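Here is what each chain is made of, one letter per residue.
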Amino acid sequence: MVHIQAFFSQVGALFANLFERPDWRNIVDIAILTILIYNLIKLGIRTRANSLFKGITVILVLAWISDALQISALSWVLQQIISMGLVVLVIVFQPELRRALDQIGRSRLTRQVFSASKRQHSNQVEQHVAELVRAINNMARKKMSNLQVVKTQDDRKALRQRERRIKCRRRKELLTYIILIAMAICGTYLLLDSKTYGTVRKADSYAKDLSDRNNYVQFADGIVRYNHDGVVFLNKKNEEKWIQPTQLQTPVIVVKDDVFAVADSGGNSILVFTKNGLKGEIQTTLPIERIAVSNQGIVSAILKDETSPKIISYDAAGNILVEQQITIGNTGYPIALDLSDDGKVLAVSYLYTKGTQVQSRIGYYNFDAAGKEKADNKVTADTYEDMLIGEIFFMGNDRSVAVGDNGFEIYTGKDTPKQIKEVKVNQEIKSVFHSDSYFGFVLLNQEKSGYELRMYNRSGDTVFSKEIQGDYSHVKMDGDNIILYDGSKCCIYTTTGILKFKGDLGADAQEIFDAFGLNRYYVMSDNELRIVYLTK
């Protein structure tokens, strides 16, 4: 079993290393391997090795299945067979290997290297004679005749039909081998991707000495480094692509796919960026509490005022698009907001006091045609008496989720969002994570220690629920990974609920995200960007 696991691990590592940073050597490597494999397949189809290859494939598939299902006896027997595989292959394929070496020796390239050009013609004649003798010997060994005297048109037609059948059979056999190779590669990938790993190894690192304390967040094809003195965009080698000096006392960041915004919480400055640099700067008249940004660079901000707060939406240049004066007695105080990806719909959560009871209100504002005829562009207004909604986020343009202290609400609709589902969660919600396809929570267990990791799909149906131990200060979704980390401690689950990794990263992580290659990740610490891969 150990040998089988090592074999698949080595195959996975080969593909991961081959495609991590491709250059001309990788291309040459792939080309040579492709030619070798192709010629081996052709050799197998033309000889009795065809059946032997099928038998070897069956043994490898059985080994993989027995290893995955932990069938120990069968796995041990197959392990012994595979461990002696090289010696067995040399013995079994001795005639084919001799033939292959003979063909290499008689190839045109070999003749050009080891023979004079004036003897080339005579060598070709010898080769034709040798091929004819080899063909006659093969027919004699198989006791079949392939020499025919064609006398009539019908005989020639039958011969052409037979030739087509032979070519068709060979194409089918070649296709079978290609499918088997693809299945082996896919099976290896799935096996490695579904394993649980406990340690990491450093594949590469890019260090940079910095004196200030920085924050990091993944964005586009790089990383944003920011603090009170500036915003820097780094590539995946920790190299600075551009630098924007700032004077922000308490910087906070909000990231979309194409745009991110950095605001001075409690101050009056908002800066909007793309991966190419500064897109625009916004100055507010009141202190900033929270912001949201769209992929077009539209920014909506909650501006603090104890009696009359405002929600103002700006374009990236700082021009006011929509200004909403909030009356606390009628609407409540805004505590959370988010913009749809296209910037056309704004969702806001309010806290509202009715006598001694605290309620939540949800408002949706459409800045497009659907909201022009509505007062303050408000197209949806709902009240929740038994839930305090402290977070709201969009999943694309047509779906959003409002998260409360004891559950969540799902809204759908691009122009006029409507509530379609309410789900109660009878546990304390510690953390929230989401993407355009999934969302979930880290929940505090009530009757036992530890936490529960629970994920939902866009419809609000539970995808999986897992018990987790340990306290993680950060949780995020990146592709098909749910990454929980706190310092050097990390835990990674897949969207299918498989625990991929639990262990120590070897560095205090400020940011973690997926890297190209199988089971590889970028780990950003204070002064170093590492590429690590998971291992046992």
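Residues numbered from 1 in each chain as written. Predicted model: local features only at pLDDT ≥ 70, side-chain atom pairs only at ≥ 80, totals over all residues. Heavy atoms only, no water.

Draft legend 1. Focus on the overall build of the chain. When its secondary structure is counted, the chain shows nine helices and 32 strands. Split into buried and exposed, the 536 residues of the chain put 41% on the buried side. The contacts in the chain between residues at least 6 apart in sequence include a share of 43% that link residues at least 24 apart. (Helix = DSSP H or I, 4+ residues; strand = E, 2+ residues; numbered from the N terminus. Buried < 20%, exposed > 50% of the residue type's maximum accessible area, 1.4 Å probe, protein only. Contact = heavy atoms within 4.5 Å.)

Draft legend 2. Structural view of the sheet that holds strand β10 (residues 288-293). Spatial strand order, β10-β11-β12-β13: four strands in an open sheet with antiparallel pairing. Since the sheet does not close on itself, it has two edges, and those belong to β10 and β13 (320-325), each with one partner. The mean inter-strand angle of the sheet, taken between neighbouring strand axes irrespective of direction, is 15°. Sheet topology note: the strand β12 (residues 310-314)/β13 ladder contains five bridges and is antiparallel. Residue pairing in the sheet places Ile311 in a bridge with Gln324 of β13. (Pairing = 2+ DSSP bridges. Axes fitted to C-alpha atoms, helices over the stretch in contact; angles between N-to-C directions.)

Draft legend 3. Examining the environment of Ile311 more closely. Among the secondary structure elements, Ile311 is positioned in strand β12. Looking at Ile311, the relative accessible area reads 0%, which means it is buried. In the structure, Ile311 is positioned 26 residues away from Leu337 in sequence and 9.5 Å away in space, judged by C-alpha atoms. Residues contacting Ile311, with those up to four places away along its chain left out, are Ala301, Ile302, Val322, Glu323, Gln324, Ile326, Pro334, Leu337, Leu346, Val348 and Tyr350.

Draft legend 4. Representation of the packing of aromatic side chains within the structure. Taken as a whole, this structure holds 16 aromatic pairs when the rule is applied. Taken together, the aromatic side chains of Phe219, Phe233, Trp242, Phe260 and Phe273 make up a single cluster linked through ring pairs. Its end group placed over the ring of Tyr352, Arg361 keeps NZ or CZ at 3.5 Å from the ring centre. Residue placement shows Lys489 over the ring face of Tyr472; its charged tip is 5.1 Å from the ring centre. (Phe/Tyr/Trp six-rings, centres within 6.5 Å; stacked < 30°, edge-to-face > 60°. Lys NZ or Arg CZ within 6 Å of the ring centre and 35° of its normal.)

Draft legend 5. Examining the side chain of Gln359 more closely. Among the secondary structure elements, Gln359 is positioned in strand β16 (residues 357-366). Looking at Gln359, the relative accessible area reads 3%, which means it is buried. Side chain to side chain, Gln359 and Gln357 meet in a polar contact 3.4 Å long. Contact partners of Gln359, with chain neighbours within four places excluded, come to Tyr350, Leu351, Tyr352, Lys354, Thr383, Tyr384, Glu385 and Leu388. (Polar contact = N/O pair within 3.5 Å; in protein donor to acceptor, adjacent residues only side chain to side chain.)

Draft legend 6. How the structure looks around empty space enclosed by the protein. For the structure shown, the criterion picks out one cavity of 30 Å³ or more. Considering only enclosed or pocket space, the largest cavity measures out at about 40 Å³ in volume. Residue lining of the largest cavity: Lys430, Ser431, Val442, Tyr451, Ile468, Gly470, Asp471, Tyr472 and Leu484, and that is the complete set. The residue makeup of the lining of the largest cavity, split by class, is five nonpolar, two polar and two charged. (1 Å grid on protein atoms, 1.4 Å probe; cavity = no way out; pocket = protein on both sides within 12 Å on 5 of 7 lines; lining within 4 Å. Points joined across faces, edges and corners; volume = space filled by probe spheres on them. Nonpolar A, V, L, I, M, F, W, Y, C, P; charged D, E, K, R; others polar.)

Draft legend 7. Quick peek at the pairing of strand β31 (residues 520-524). In terms of burial, β31 is largely enclosed, as five of its five residues are buried. A two-sided burial pattern is seen for β31, the buried positions comprising Arg520, Tyr522 and Met524 on one face and Tyr521 and Val523 on the other. Bridging between strand β30 (residues 511-514) and β31 involves four bridges; their strand directions are antiparallel. When the bridges of β31 are listed, Asp514 appears paired with Tyr521. In sequence, β30 turns back onto β31 through a hairpin of five residues, with Gly517 there showing a positive phi of about 115°. The pairing of β31 with strand β32 (residues 528-535) spans five bridges and is classified as antiparallel.

Draft legend 8. Highlighting a nonpolar patch on the surface. Taken together, Leu175, Ile178 and Ile179 make up a surface patch of nonpolar side chains, about 280 Å² in accessible area. Here Leu175 is to be found in helix α9 (residues 153-193). (Patch = residues over 30% accessible without salt bridge, like charges linked within 9 Å, V, L, I, M, F, W, Y side chains within 5 Å. Areas by Shrake-Rupley, 256 points an atom, 1.4 Å probe, with all protein chains shown as cover. Salt bridge = Lys/Arg side-chain N within 4 Å of Asp/Glu carboxyl O.)

Draft legend 9. Representation of the pattern of salt bridges within the structure. Applying the stated criterion across every chain yields a total of 14 salt bridges. One salt bridge connects Lys202 with Glu528, and the closest N-O pair in it is separated by 4.0 Å. Of this pair, Lys202 sits in strand β1 (residues 199-207) while Glu528 sits in strand β32, and the two are 326 residues apart along the sequence. A relative accessible area of 47% means that Lys202 is categorised as partly exposed. A salt bridge links Glu240 to Arg225; the nearest nitrogen and oxygen atoms lie 2.9 Å apart. Residue Glu240 is located in strand β5 (residues 240-245), and its partner Arg225 is located in strand β3 (residues 222-227); the two are separated by 15 residues in the primary sequence. Judged by relative accessible area, Arg225 falls into the buried class, the value being 7%. What emerges from the salt-bridge pattern is a single network uniting Lys202, Glu528 and Arg530.

Draft legend 10. Broad picture of the confidence of the model for the chain. Model confidence for the chain is summarised by a mean pLDDT of 82, while 74% of its residues fall at 70 or above. Helix α1 (residues 2-20) is the least confidently modelled element of the chain, averaging 48 in pLDDT, while strand β7 (residues 260-264) averages 97, the highest of any element. This stretch, residues 1-10, has a pLDDT under 50; its non-local contacts, to residues over four places away or in other chains, come to 16 contacts. Per-residue pLDDT stays below 50 along residues 17-22; that stretch engages in 13 contacts with residues further than four places along the chain or on separate chains. (pLDDT = per-residue confidence, 0-100.)

Draft legend 11. Representation of a positive patch on the surface in the model. The grouping of Lys157, Arg160, Arg164 and Arg165 at the surface amounts to a positive patch. Within the fold, Arg160 resides in helix α9. When its relative accessible area of 40% is taken as the criterion, Arg160 is described as partly exposed. (Lys, Arg positive; Asp, Glu negative; His and termini not counted. Charge placed at Lys NZ, Arg CZ, Asp CG, Glu CD.)

Draft legend 12. View of the sheet that holds strand β6 (residues 251-255). Within the open sheet, the four strands sit side by side as β6-β7-β8-β9. Their pairing is antiparallel. Strand pairing shows two members of the sheet lacking a second neighbour, β6 and β9 (277-283), which therefore form its edges. Averaged over all neighbouring strand pairs, the angle between strand axes comes to 20°, with direction disregarded. Relative to β7, β6 runs antiparallel, the two being bridged by five bridges. The residue bridging Val254 from the neighbouring strand is Ala261, located in β7.

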